[in-house]
Each structure stands twice: as C-alpha cells, then as structure tokens.
Amino acid sequence: MNIWTSCTLSSILALSLLAPSVSFANENSNHEAAVSKETASQYPILKKVNKPEEAGFSSEKLGKVDQLIEMEVAAGFPGAALIVIKDGKIVKNESYGYKQKFNEHTPLKKFQKMENDTLFDLASNAKMYATNFAIQKLVSEGKLNIQARVQQYIPEFEDTEEDVIKGKDNLRVIDVLHHTAGFRPDPQYHNPKVSKELYSQERNKTIEFISKTPLTYVPGTQNVYSDVDYMLLGAIVEEITGQQLDVYVENELYKPLGLKNTKFNPLQKGFKPRDFAATELLGNTRDGVIDFPNIRTYTLQGEVHDEKAFYSMGGVSGHAGLFSNTKDMAVLLQVMLNGGGYGKHTLFDQKTIDEFVEPSEMNPTYGLGWRRNGDASMEWMFSPLASDSAYGHTGWTGTVTIIDPEIDLGIVLLTNKKHSPLVNPVANSNQFFGDLFKTGSYGSVVTAIYEALESNE
C-alpha cells in the first residue's frame, strides 16, 4: 500500500494525462489512392470524422467519457487507449494516463505517457482476433467443418482406457467453440505443482499434452470457459494450414489489411519494450506469492503475460499472445461490421459471421467463441444500452471489444490495469489495484459511450 500511495495525486497530475490524437486522414487517403489504382474498394474503409456529430454522437457527452477515465488516472489507474467507430467512421481515438509507471515495485521518476499507437497485450481477445478469425476464414473457404470431430484434424485426440470421463472420440469442433468441451479452465501446463504429469515448457510437447488433458465433465453438459479450448483450436488451425498460428494470421489476415502492429512475439519482430503498455510489476509472481520454474520476476512490457502462452507455448497460442493497438483493432472490428472484409480484401463472408455470433442453445451469452449480450448477466461488459445483437470479448490484462451490428458501432478499450500492485496477494493473487476502478471493469466507459449517442438522448 505504501508503494502505491506514494504515487501521489499531485505527482500524477503533474504529468499530462492525454496523448494528442493521431490523424487517420493521410493514411486513409494514401490507402484509398492505392486501392483506386487497382480496383474499387469492395468494403468500407475507416475514415476519421471532423466532429462526432457526423456519426450521430454528442461531442459534449463524449467528453464525459474522457472525464471518467481522466479522473481515475488521477486517482491511480495506470492507463488506457480508446477508439470508437460508427458507420465506418472513427469517432474517437484517445489515450489516457501512462503505459509504464513502475519498474518492479519502484515508481519511475517520470511516468511513460500512454500514446494512441501504444501496443497492448490483448490476452483473451487473441482468441477472437487470431484464432476465431482464422477459423472463420477456413470455414468460409470450406477447409474446416465445425460439425466435424476434433479427431478428423488431430487423430491423437482420443479417449483412453484410463480416462475417468470419456467423450473425446465424439467431440466436435463446434463443442470446443461453445466452451462445452469438458476441459477445466486452466490446467497450468507451465507449473509442475498443478499440472504434474502434464507439465511442459516446450511448445511441441504442450500441444501433445492438450490431447492428453483429462476431461472434467461430460462434453455438452456444461458451459465452462476454458483456455484449453482455444489452445486446441489453435492447434487445429496449424494442422489445417501447415503453418504456426502467428505465421498464418499475420500473413493471411493482418498483412492484407495493412495491419503492421498486430503481432505475436512482437519483441522478436522489430518492436521495442517502450512501444508497449506494461503489465504485471513482478513478472508472474503476483507480488512474490507465486513460484514455478523459470518464472519471470521483472516488469513485463512487450512480453505476453499469460503463463501458458509464454512458458508452455513459446508466446504463440490460440488463447493468448497477440498484441495490437486501437487503430489496428478498429480495422478488425470493422471487418466484422462490414460482413467479413475491408477495402478490397475479403477474409470471410456474412453467412459465416452470422453462424459464429448466433447464440448457443445452452447459454445465450455464448456464440462460437464470441461472448454475446445474451441476457442481463452481461451488462457489466456491454452496458444496459447495448442491443441484444451486440457481441465481443474481454481480456484478463484489461481489454474489451464491443461490436454492435444493429447500430453499426464498434468500441475498443485497451487498458493496462494489471500494471499496479496487488491489493492483498496472499488473500487473492489475482486482484490488482487497477481492477478496482470503473475503467478496468469496462461497463461504465461503454455505457458512457452509448449515452453519448444522440439517438439515446
């Protein structure tokens, strides 16, 4: 607590809270010129509005979004970046606070200011914008059948005589996408105290161990969100494409869209730590209460936080590992709002999108991977004002994406809320001070954005 409170309000306010807006005008005009030379754009390309009213927003009410986040930064929240798109237009693109305030537990003499192009660890948003996007593309191309058994793509995924709960032999890809596959949430392959005989810090061995991971309930009988599901789906993408997941998505998805800041293992691909929002202060130790072989103890900046992704999967996994910034993420959201493409490039079709965002019969808050605004239990994420057709995802590090096709709206809020001390690491090794703020729980910011729509006045 002393370390945290030593960052006084006056010291925080002494630094500028906001980074200047980055203009998209030149990039858009250059991109459009290049496209017009080859072929007319098939899909809308994002353009920046001169004022929010051009897309049906109140400038005054959008200012309340800034006030909310700025007040929380002044009170100690680390930082955030926000982009709002509507009707193919960039309505708001702002950054707040700081991408790094601490080196381990020591406050920096000068906090590193958050910028509009700062990259963030997307955590579980990687499930959607890497793995799900890849699967949606493969389904559109007829290369993947979600009704097929997992065994069709990974033959070694099968029941054994020793399995207490069986069901792998008949498990379908759609069951895995629905998070009804039978896996527990987190087997902690990286930690031998938890994973025991499934312990692995080698990528190829971990992928083999996914097939050997025991089921904890009969598939199709429960809805349990699990990282294992998307580790398995990532492995299926690799089997079908013959490429490691990062190679496939970066070359087949992001490169055609012109996205240069959406990467797995970005520090190995030309980026520097200063390009990123920092996350946990002492590696993966939760302020010193967690330990396992090879654990990092330094402040993470540009390395994926997720333990299974970093230690067991070499930074590239179907469930986590992707980094991006708000500008790139806005394009990925627009792909969904456009019906599967952007500019002259098609990734998948509207039929596939419809199939993937359709509510699960077991739980209406789940689509195929996507989380849906299926009932009141999701208001914390989507707000009470989102349409019933809204969908998106969150990430443990502090990221949320909202796509509301009914009103052609997309919201990306990226935060580094885990870049803060833990409240009480012994009592709860997953609760950080950044988690206590409204910005870090998303709904208040999302609600304020919906309230700024003139149609909601």
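Keep in mind the model is a prediction, meaning the values are calculated, not measured.

Participant: So, the overall build of the protein chain: which residues are in play, and what are the values?
Facilitator: Counting its regular elements, the protein chain contains 15 helices and 14 strands. A compact globule built from 457 residues would reach a C-alpha radius of gyration of about 23 Å, and the protein chain, at 21 Å, matches this within 12%. Seen through its C-alpha atoms, the protein chain measures out along the principal axes to roughly 65 × 55 × 45 Å. Split into buried and exposed, the 457 residues of the protein chain put 59% on the buried side. Sequence separation of at least 24 residues holds for 66% of the intrachain contacts in the protein chain that already meet a minimum separation of 6. Surface exposure of the protein chain reaches about 17900 Å², of which carbon and sulfur atoms provide 48%. Here the protein chain carries 44 positive and 58 negative side-chain charges, and the mean point of each set is 5 Å from the other.

Participant: Talk me through the packing of aromatic side chains; I want residue IDs and the actual numbers.
Facilitator: Aromatic ring pairs are reported here in terms of the distance separating the ring centres and the angle at which the planes meet. Applying the stated criterion across every chain, the model contains 13 aromatic pairs. Pairing W380 with Y442 gives two aromatic rings, centres 6.4 Å apart and planes at 40°, and the pair type is tilted. With W380 in helix α14 (residues 379-382) and Y442 in the loop between β14 (409-415) and α15 (443-451), the pair connects residues that are 62 residues apart, well separated along the chain. When its relative accessible area of 4% is taken as the criterion, Y442 is described as buried. The aromatic ring of F310 is capped on one face by R296, whose charged end is 3.6 Å from the ring centroid. The cationic tip of K418 hangs over the ring face of W396; the distance from NZ or CZ to the ring centre is 4.0 Å.

Participant: Residue-level account of unusual backbone geometry, with values.
Facilitator: One non-glycine residue with positive phi stands out, namely H179, at about 60°. As for its placement among the helices and strands, H179 is situated in the loop between α6 (173-177) and α7 (192-195).

Participant: How would you explain the sheet that holds strand β7 (residues 263-264) if you had to name every residue and give the values?
Facilitator: The antiparallel open sheet is built from three strands, whose spatial order is β6-β8-β7. This sheet does not close on itself; its edge strands, each paired only once, are β6 (120-121) and β7. Summarising the sheet, β7 and strand β8 (residues 322-324) pair through two bridges and their orientation is antiparallel. Residue pairing across strands places K263 opposite F323, the latter belonging to β8.

Participant: Let's hear about helix α13 (residues 350-357): which residues, and what values?
Facilitator: Restricting attention to buried positions, one finds in α13 the residues T352, I353, F356 and V357. In an axial view of α13, the angular spread of the buried residues amounts to 120°, which keeps them on one side of the axis.

Participant: Which residues make up helix α5 (residues 125-140), and what values go with them?
Facilitator: The terminal C-alpha atoms of α5, which comprises 16 residues, lie 21 Å apart, in line with the 22 Å expected from a rise of 1.5 Å per residue. The largest bend along α5 measures about 35° and falls at N132. When you tally the buried positions in α5, you get 15 out of 16 residues, the bulk of the element. Where α5 ends, the next residue or the one after it, G142, has phi of about 75°, a positive value.

Participant: Tell me what's going on with the confidence of the model for the protein chain, and back it up with residues and numbers.
Facilitator: Looking at the protein chain as a whole, its pLDDT mean stands at 92, while 91% of the residues score no less than 70. Across residues 1-40 the pLDDT falls below 50, and counting only partners more than four positions away or on other chains, this stretch makes 73 contacts in the model.

Participant: Outline the packing of helix α4 (residues 59-74) against α15, supporting the account with residue identities and numerical values.
Facilitator: Between α4 and α15, whose axes approach to 8 Å, the crossing angle comes to 165°. Compared by their axis directions, α4 and α15 come out roughly antiparallel. Here the hand of the crossing between α4 and α15 comes out right-handed. Listed contacts from α15 to K61, V65, L68 and I69 of α4 are S444, V445, A448, I449 and E451. Each residue belonging to the contact of α4 with α15 can be placed in one class, and the counts come to six nonpolar, one polar and two charged.

Participant: Go over the side chain of D435 with me, naming the residues and quoting the values.
Facilitator: In this fold, D435 is placed in the loop between β14 and α15. A polar atom in the side chain of D435 sits 3.0 Å from the side chain of K418. With sequence-adjacent residues up to four places away left out, D435 is seen in contact with K417, K418 and N430.

Participant: Could you give an account of the nonpolar core, naming the residues involved and the relevant values?
Facilitator: By size, the foremost hydrophobic cluster in this structure holds 77 residues, and its most contacted members are Y129, F133 and W370. Tallying contributions element by element places α5 first for this core, with nine residues. With residues up to four places along the chain from it excluded, the contact list for Y129 reads Y254, L322, M329, L332, L333, W370, T401 and I403. One finds V65, V73, A448 and L453 within the second-largest nonpolar core, a separate group that totals 35 residues.

Participant: Describe the side chain of T213, naming the residues involved and giving the relevant values.
Facilitator: Inspection of the secondary structure assignment puts T213 in the loop between α8 (203-212) and α9 (227-241). You can call T213 buried: its relative accessible area is 1%.

Participant: Can you explain the packing of α5 against α13? Please cite residues and give values.
Facilitator: Here α5 crosses α13 at 130°, and the two axes come no closer than 9 Å. Here α5 is positioned oblique relative to α13, judged by the angle of their axes. As α5 packs across α13, the resulting crossing turns out to be right-handed. For the pair α5 and α13, the contacting residues are N132, I135, Q136, V139 and S140 in the first and T352, E355 and F356 in the second. In terms of residue class, the contact of α5 with α13 is built from three nonpolar, four polar and one charged.

Each value, and the rule that gives it
Residues numbered from 1 in each chain as written. Predicted model: local features only at pLDDT ≥ 70, side-chain atom pairs only at ≥ 80, totals over all residues. Heavy atoms only, no water. Helix = DSSP H or I, 4+ residues; strand = E, 2+ residues; numbered from the N terminus. Rg over C-alpha atoms; globule rule 2.2 N^0.38 Å. Buried < 20%, exposed > 50% of the residue type's maximum accessible area, 1.4 Å probe, protein only. Contact = heavy atoms within 4.5 Å. Areas by Shrake-Rupley, 256 points an atom, 1.4 Å probe, with all protein chains shown as cover. Lys, Arg positive; Asp, Glu negative; His and termini not counted. Charge placed at Lys NZ, Arg CZ, Asp CG, Glu CD. Phe/Tyr/Trp six-rings, centres within 6.5 Å; stacked < 30°, edge-to-face > 60°. Lys NZ or Arg CZ within 6 Å of the ring centre and 35° of its normal. Pairing = 2+ DSSP bridges. Arc of directions from axis to C-beta. Expected span 1.5 Å × (residues − 1). Bend = angle between axes of the 7 residues up to and from the residue. pLDDT = per-residue confidence, 0-100. Axes fitted to C-alpha atoms, helices over the stretch in contact; angles between N-to-C directions. Parallel < 35°, antiparallel > 145°, perpendicular 65-115°, else oblique. Left-handed = near helix turned anticlockwise from the far one by under 90°. Nonpolar A, V, L, I, M, F, W, Y, C, P; charged D, E, K, R; others polar. Polar contact = N/O pair within 3.5 Å; in protein donor to acceptor, adjacent residues only side chain to side chain. Core = buried A, V, L, I, M, F, W, Y, C linked by side-chain atoms within 4.5 Å.

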